Amino acid sequence: MASIAQAIRLALHVGESELGVTDIFGEDVGAPLGGVFTCTQGLEKTWNSPLDERGIIGTAMGLGLAGCRAVAEIQFCDYIFNTIDLLKLAGNSCWSSVGQFNMPIVVMTPVGSGIHGSIYHSHSFEAMMSHIPGWKIVLPSTPIDAYGLLLSAIEDPNPVMFLYPKALIRLPGEERIPGEPAEAKELSRMIDAPLGELRSKWKPSWPALPHYRIPIGKAKTIKAGRDLTVLTYGRLAPVSKTAAEALEAEGISAEVIDLRSLHPFDEEAILESVKRTRRCLIVNEDTEVTNYGEHLLRVVNTACFYHLEAPPVLLAGMNTPGIGLAWGLEEVQVPQRQSVASAMRELAQVHA
Amino acid sequence: MASIAQAIRLALHVGESELGVTDIFGEDVGAPLGGVFTCTQGLEKTWNSPLDERGIIGTAMGLGLAGCRAVAEIQFCDYIFNTIDLLKLAGNSCWSSVGQFNMPIVVMTPVGSGIHGSIYHSHSFEAMMSHIPGWKIVLPSTPIDAYGLLLSAIEDPNPVMFLYPKALIRLPGEERIPGEPAEAKELSRMIDAPLGELRSKWKPSWPALPHYRIPIGKAKTIKAGRDLTVLTYGRLAPVSKTAAEALEAEGISAEVIDLRSLHPFDEEAILESVKRTRRCLIVNEDTEVTNYGEHLLRVVNTACFYHLEAPPVLLAGMNTPGIGLAWGLEEVQVPQRQSVASAMRELAQVHA
Amino acid sequence: MSNRGPSTPSSIKGRLRALEGGRRENETPDLRGVPSTYRGLAEPAMDKRLVHRMMAKSRVLEERLVQMTRSGDGYFWIGGPGEEAFNVCLGLLVKKGQGPEFDYLHLHYRSSAILVAMGMDVADALRQMASKATDPFSGGRNFVNHYAIKEWNVVPGASTIETQYAIAPGTALAQLRHGGDGITIVNGGDAGAAEGDFSTCLNWVSRPGRELPVLILVMNNDWGISTAGHETHGEQPIARRAEPYGIRWDTVDGNDPVASWKKLIEVLAYIRKERKPFCLEVAVSRLHGHSSSSGGARVTDETDCMVEFEARLAQEGVLSAAESKKIREGYAKALAETLLKIREEPDPDPSMVHDHTFQEEG
Amino acid sequence: MSNRGPSTPSSIKGRLRALEGGRRENETPDLRGVPSTYRGLAEPAMDKRLVHRMMAKSRVLEERLVQMTRSGDGYFWIGGPGEEAFNVCLGLLVKKGQGPEFDYLHLHYRSSAILVAMGMDVADALRQMASKATDPFSGGRNFVNHYAIKEWNVVPGASTIETQYAIAPGTALAQLRHGGDGITIVNGGDAGAAEGDFSTCLNWVSRPGRELPVLILVMNNDWGISTAGHETHGEQPIARRAEPYGIRWDTVDGNDPVASWKKLIEVLAYIRKERKPFCLEVAVSRLHGHSSSSGGARVTDETDCMVEFEARLAQEGVLSAAESKKIREGYAKALAETLLKIREEPDPDPSMVHDHTFQEEG
Ligand SMILES: Cc1ncc(C[n+]2csc(CCOP(=O)(O)OP(=O)(O)O)c2C)c(N)n1
Ligand SMILES: Cc1ncc(C[n+]2csc(CCOP(=O)(O)OP(=O)(O)O)c2C)c(N)n1
Ligand SMILES: [Mg+2]
Ligand SMILES: [Mg+2]
């Protein structure tokens, strides 16, 4: 099955061939590399930008103002922090011009830990990003969600931040993208660029892709459960699911919801679940002070306070200035399967 | 009594004459203007920087690495958002070099609404700032706190973000700064730069200032109360106090805590109060999604869940892309005395 | 995998040759100024009376706006008195319209005269100053002189100094691809050129073989609020920073509308035709200080382009002093009446403050 | 209040004169290159054998580091094979020590040869590569070749491209005020010069009358990961961007240690003595691709400074090919043994991960 990298490529192909995407650009996004994670290989509208994130975001905004459809990449979200003022501007153009100028751009950037990325290839970005009004934000954890959400992002007339979990980029999905060939090998033969000299003459052959979208703002329950609700996304969505599955053996039944969209998020689905299970654990890997999960926690706590049997819990990254390279450091600094399982177990056992 | 602007000037005078401050710089910080809010008039170590916030933060960091003591100003916090990556670096130099290089810098910048500042002179910054590890953050609401905290910030070997509420900069304080002359006029004669031509020859005459500090990390209860605890800071601290005082007439007794320090914050004082009053309202004016107040809310909720008679409430700024210039817009977008009072009243009346 | 692609880098020797200052072929070694083909162009001819009228209208507008902070009709003023001579010429020469066929304007807060010359209803500027719901640019949300006009490609003006320079390459890229002779125009101050976004602009408009049609303006009034230019800038002049990028550049006296007109004719023709960037630095005055925060009072030690131009027109017999005065008084009177009406217009409805946070899908 | 202070701005005419390219007095019109006083300096004389040994030691170190990603001894490699010739010369000429009396170094991730020449224990680089608790630079927290050495003024190296250029003016300002001949040295790549921080550096080190003693280096290998220089850069060359700021600049073949030595002697003498900035662009090779992410394999189409220098030394009779080989093998053997020991050293203690988030008051 397609990986997230391949799913992004497929969506961008639909974007440029059917949805009017005019520019797919960023550092090393064009040929020959097609992105440091290969997400932009074989596409028509890609080009290599100067090594200048402010120029990347600014130029995308200019393209958007001129009615083009740009998808801009920041190579790692770790390098987006010099553009926050521009992201804020992109988020206020429509509001400040009372609707005259919308900003139909997509910015994509890989996030999170899990690749021994040390201080500057392990950052999360959803806390800061969700504090910037005027943007929609998605963070899929599976290839099919990445595919469907990226297409929705491209079609959206507003700026959309498409975050994707770098640790999962190369894993094959479990669900087939509509139109995807049955064999993973076949897909690879069609759309993965060859290595070495062959690459310069290579052209991809794209599968026919029927219409498919995932709407922004809808969560996905990836495991049903009774005793507590886990709200998560990105790298920690599959981790939470696996942990929850293992806990069934201990008689703990956790429901795991993959948010997929962070702004707007699926308040309805979340509140329904929490009111039912009466316990809520929020899991992400961003640092824990002024963390987006605290926003979820407030919403849940406010709406479900009298249903809750225990205070909602946030399990997040340590509030340290970076993630250490040594595995022993990363392991304790961001949630892993063990710590997620422990948090679930603990929460399930709290009795008022 | 001294205003916040004068208090900052006094503290910087102590900084440059007693604590080894080598540089006080930023846009229009030097003569003749001494800062757009006059906070740096009459000082020795001030200079005007290029209009380049990245250069300001970067140069401050370089000075800090070389063992100098720099106080850098960003003219409005609205213009600090192109430097987030550098602030992150400043916050990780010590950690990433395992303690070799500390970063003894102070960055000061005015925050908040209340001066008809429209989209770009009304921003808050504590949400994003508190998500940057490795910094201490203060946000005083009175001249004496500004004075005492700025001195502690200067002495701290770590980077300290000194935020100050621009709406309150010119109001006289209620408490005398030790050493401050009895008459406000006298202080003004001594340290306020004259207008026009006189200014070029003017020199301030500084009062003798005995040792005085306010430790970073200590909150101040600005009104005692029984029925609920209000956690606030900055422009909304005096607003909350006034609102709480008025509510006494209705038989509602609110305790108001001015945090003053946001990181670290005074967890002990806060939890003691909330456990006693069993209700907690958090008031600030930053936009409400992934708001620093949600961090406070989580901490309070987690520690006091079984004491609470109602879910803790956050009253914050609307999640809109800017604060509108028309007063009617600003009035509804950020908490005002009326809305703070209503929130208190509502919370006091919730019964489980 | 090797990262080497079709674009093999020059050998170390070739690279050194480039380092030694060698240029790519087909490139004129003289970078400064417009090439000779475009020099001495005078079409469209300058209508001095029209330029004067637009300058007068702009000046009167700005003076009224300043006044409105004093009469309680507005909270804050910032604007462009002192930049009218150049800006009116520019406004008259803009290719006005919507979409990539036409010019895009990325303007800072001293650009009112450009818009007046383009035909803006000055009442709208008063509406923005008064934060009225009828303000068509921002609906009472933004400061005065922060324009946004979709039909004229005037993109939303923001208070953030210099960010417009990072955004401008985007509209220009759309125009380059679209074809035609529409260009992108971006302006900002001298102090602001210290922000990295100015060099971002220079870089992104000059990628070899991918040059973009942009007029990069530096409006040099030698001040950044209270800071004199020489305190913070070593550039001689600022526009010369374009040269290492292979971008042509020049300077002009923005207080002289005749010189400004002539220079603009040449420069605009070059950009429209060659689809290449040009950087022009314009010496201008700042006649009411930085903004109402510094009082907004009229300063007396800077050249006033209105005074100079009117003296010149009188001397040339184009317009007498009395006629000039009458023109200004006519605009002032009309504006005073307009203000009376605008005072009655509605304030923004607070219940609509969330509107346009997002554009509805459509 | 008027914002006008003691520093009255030049009149509009004076301003225009400046715009027309007039220079301040006392300034040589020829900006490029070191001034004649410093040209032809050769002291301290170059010890070719020493330079060769340091180059060999650095190369062997980098090859071992690359190897460690394959042997499972480290996660990620990035480093400087191909930059040894210039970097060794620079390292030998650094004024090494702690505090503003000495040189400050703001280094990017290809600078190992500078530190080897300064006398770094190569074992420490292996420790960082292996993320050992004994890594003195970052305690196993950061990537290899991200140095931080307090006693030598090597400030913490970060992965964020070009931020060092915004920070460098700060250490130089401290040095200017302190007096003496300590300078600040900052290096980075060609692609990275597109970030605004490069121009921030040019601006902040050249404020008129407040120039700072900084050696601004551009290490031009003509690549940014997979992107060829000419795709994104129109500058001819990049260092020429210093010229409009009144900063002297030059280029040098960084694959030639003799040329590098000579140029550095002159440039460093100029900066130390005149307390002014200098921008030097250095043509270098990238011999193992960008990093281990692109495989880290040896490329064959770029000049190898080791090969060239060894051939030259053999030809000049300074060192035979056999002697060179022996030197390299000696370093390689020692390093292999060092690695065996380092493998036994402790990993960072996870319970100490919060340490140094803040410096304790004291
Ligand atoms: C990014 C940013 N930093 C600071 C400010 C505050 N500010 C507004 S105008 C100004 C000075 C601008 O000077 P210049 O660029 O020369 O333009 P001028 O006002 O002289 O036309 C400053 C510092 C701002 N608006 N934006
Ligand atoms: C701010 C930032 N953006 C992007 C990256 C990712 N990145 C790492 S190295 C590199 C290319 C650097 O090229 P250049 O500056 O020429 O240095 P070189 O690696 O060629 O020595 C990029 C894009 C980064 N580290 N920092
Ligand atoms: Mg100016
Ligand atoms: Mg390079």
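Predicted, not measured: the structure shown is a model, and the values here were computed from it.

## A word on the overall build of chain A
Line of reasoning, step 1. Of regular secondary structure, chain A possesses eleven helices and twelve strands.
Line of reasoning, step 2. In terms of overall dimensions, chain A is globule-like: its C-alpha atoms have a radius of gyration of 20 Å, near the 20 Å expected for 352 residues.
Line of reasoning, step 3. When the backbone C-alpha atoms are referred to their principal axes, chain A occupies close to 65 × 50 × 40 Å.
Line of reasoning, step 4. Classification of the 352 residues of chain A by burial places 72% in the buried group.

## Topic: the interface of chain C and chain B
A common way to report how large an interface is uses the accessible area buried once the components associate.
Line of reasoning, step 1. At the interface, 25 residues of chain C touch 32 residues of chain B.
Line of reasoning, step 2. Both sides together, the interface formed by chain C and chain B hides about 2,400 Å², and carbon and sulfur atoms give 65% of it.
Line of reasoning, step 3. Counting every contact that joins chain C to chain B gives zero salt bridges.
Line of reasoning, step 4. Inspection of the chain C/chain B interface yields six residue pairs in polar contact (both at pLDDT 80 or more).

## Digging into the pattern of salt bridges
Line of reasoning, step 1. Tallied over the entire structure, the rule returns 80 salt bridges over all chains.
Line of reasoning, step 2. The salt bridge involving arginine 54 of chain B is made with aspartate 197 of chain D; its shortest N-O contact spans 2.7 Å. Of this pair, arginine 54 of chain B sits in helix H2 (residues 53-65) while aspartate 197 of chain D sits in helix H7 (residues 196-204), each in a different chain. Residues arginine 54 of chain B and aspartate 197 of chain D agree in their burial class; the two are buried.
Line of reasoning, step 3. In this structure, glutamate 316 of chain D engages lysine 48 of chain D in a salt bridge whose closest nitrogen and oxygen atoms are separated by 2.9 Å. Within this pair, whereas glutamate 316 of chain D is found in the loop between helix H10 (305-315) and helix H11 (321-343), its partner lysine 48 of chain D is found in helix H2 (residues 48-70), the two being separated by 268 residues in sequence.
Line of reasoning, step 4. For glutamate 316 of chain D, a relative accessible area of 38% puts it in the partly exposed group.
Line of reasoning, step 5. Relative accessible area serves as the criterion here: at 23%, lysine 48 of chain D is assigned to the partly exposed category.
Line of reasoning, step 6. Among the ionic contacts, a cluster of salt bridges with common partners joins Lys48, Asp256, Arg312 and Glu316 of chain C.

## Focus: the coordination of the magnesium ion (ligand 3)
Residue and element names in this part refer to chain C.
Line of reasoning, step 1. Around the magnesium ion (ligand 3), the protein supplies Asp190 (OD), Asn221 (OD1) and Trp223 (O) as donor atoms, at distances of 2.0 to 2.1 Å.
Line of reasoning, step 2. The motif formed by the donor residues of the magnesium ion (ligand 3), counted along the single chain, is D-x30-N-x1-W. Separated by 31 residues along the polypeptide, aspartate 190 in the loop between strand E2 (184-186) and helix H7 (196-204) and asparagine 221 in the loop between strand E3 (214-220) and strand E4 (223-224) bring together distant segments of the chain.
Line of reasoning, step 3. The buried category is assigned to asparagine 221, whose relative accessible area is 4%.

## Observations regarding the site of ligand 1
Line of reasoning, step 1. Taken together, 21 residues form the shell around ligand 1, and within it Glu53 of chain B together with Tyr109, Arg110, Asp190 and Gly192 of chain C come nearest.
Line of reasoning, step 2. Within the contact set of ligand 1, an oxygen atom lies 2.6 Å away from a side-chain nitrogen or oxygen of tyrosine 109 of chain C.
Line of reasoning, step 3. Contact between ligand 1 and asparagine 221 of chain C: an oxygen atom at 2.8 Å from a side-chain N or O atom of the residue.
Line of reasoning, step 4. Here ligand 1 has 590 Å² of accessible area as a free molecule, and 96% of this is covered by the chains.
Line of reasoning, step 5. Split by residue class, the shell around ligand 1 holds seven nonpolar, nine polar and five charged.

## Comments concerning the pairing of strand E3 (residues 214-220) of chain D
Residues and elements named next belong to chain D.
Line of reasoning, step 1. Within E3, seven of the seven residues are buried, leaving the element largely enclosed by the surrounding structure.
Line of reasoning, step 2. As judged from the three bridges shared by strand E2 (residues 184-186) and E3, these two strands associate in the parallel manner. In the strand pairing of E3, valine 186 is matched with isoleucine 216.
Line of reasoning, step 3. Once you follow E2 into H7 and on to E3, the crossover reads as right-handed.

## Regarding the domain arrangement of chain A
All names here are of chain A.
Line of reasoning, step 1. Each domain of chain A was delimited in the assignment, giving domain 1 (4-201) and domain 2 (220-348).
Line of reasoning, step 2. Domain 1 and domain 2 are separated by 26 Å when their C-alpha centres are compared.
Line of reasoning, step 3. Contact residues are listed per partner, giving 29 residues for domain 1 and 27 residues for domain 2.
Line of reasoning, step 4. Both faces considered, domain 1 and domain 2 share a buried interface measuring about 2,100 Å² in area, 55% of it formed by carbon and sulfur atoms.
Line of reasoning, step 5. Scanning the region where domain 1 abuts domain 2 turns up two salt bridges.

Conventions adopted
- Residues numbered from 1 in each chain as written.
- Chains lettered and ligands numbered in written order.
- Predicted model: local features only at pLDDT ≥ 70, side-chain atom pairs only at ≥ 80, totals over all residues.
- Heavy atoms only, no water.
- Helix = DSSP H or I, 4+ residues; strand = E, 2+ residues; numbered from the N terminus.
- Rg over C-alpha atoms; globule rule 2.2 N^0.38 Å.
- Buried < 20%, exposed > 50% of the residue type's maximum accessible area, 1.4 Å probe, protein only.
- Contact = heavy atoms within 4.5 Å.
- Buried area = accessible area lost by both parts, 1.4 Å probe.
- Salt bridge = Lys/Arg side-chain N within 4 Å of Asp/Glu carboxyl O.
- Polar contact = N/O pair within 3.5 Å; in protein donor to acceptor, adjacent residues only side chain to side chain.
- Donors = N, O, S within 2.8 Å, 3.2 Å for Na, K, Ca; no water.
- Near = heavy atom within 4 Å.
- Areas by Shrake-Rupley, 256 points an atom, 1.4 Å probe, with all protein chains shown as cover.
- Nonpolar A, V, L, I, M, F, W, Y, C, P; charged D, E, K, R; others polar.
- Pairing = 2+ DSSP bridges.
- Right-handed = clockwise from strand over helix to strand, strands pointing away.
- Domains from an automatic or database assignment.

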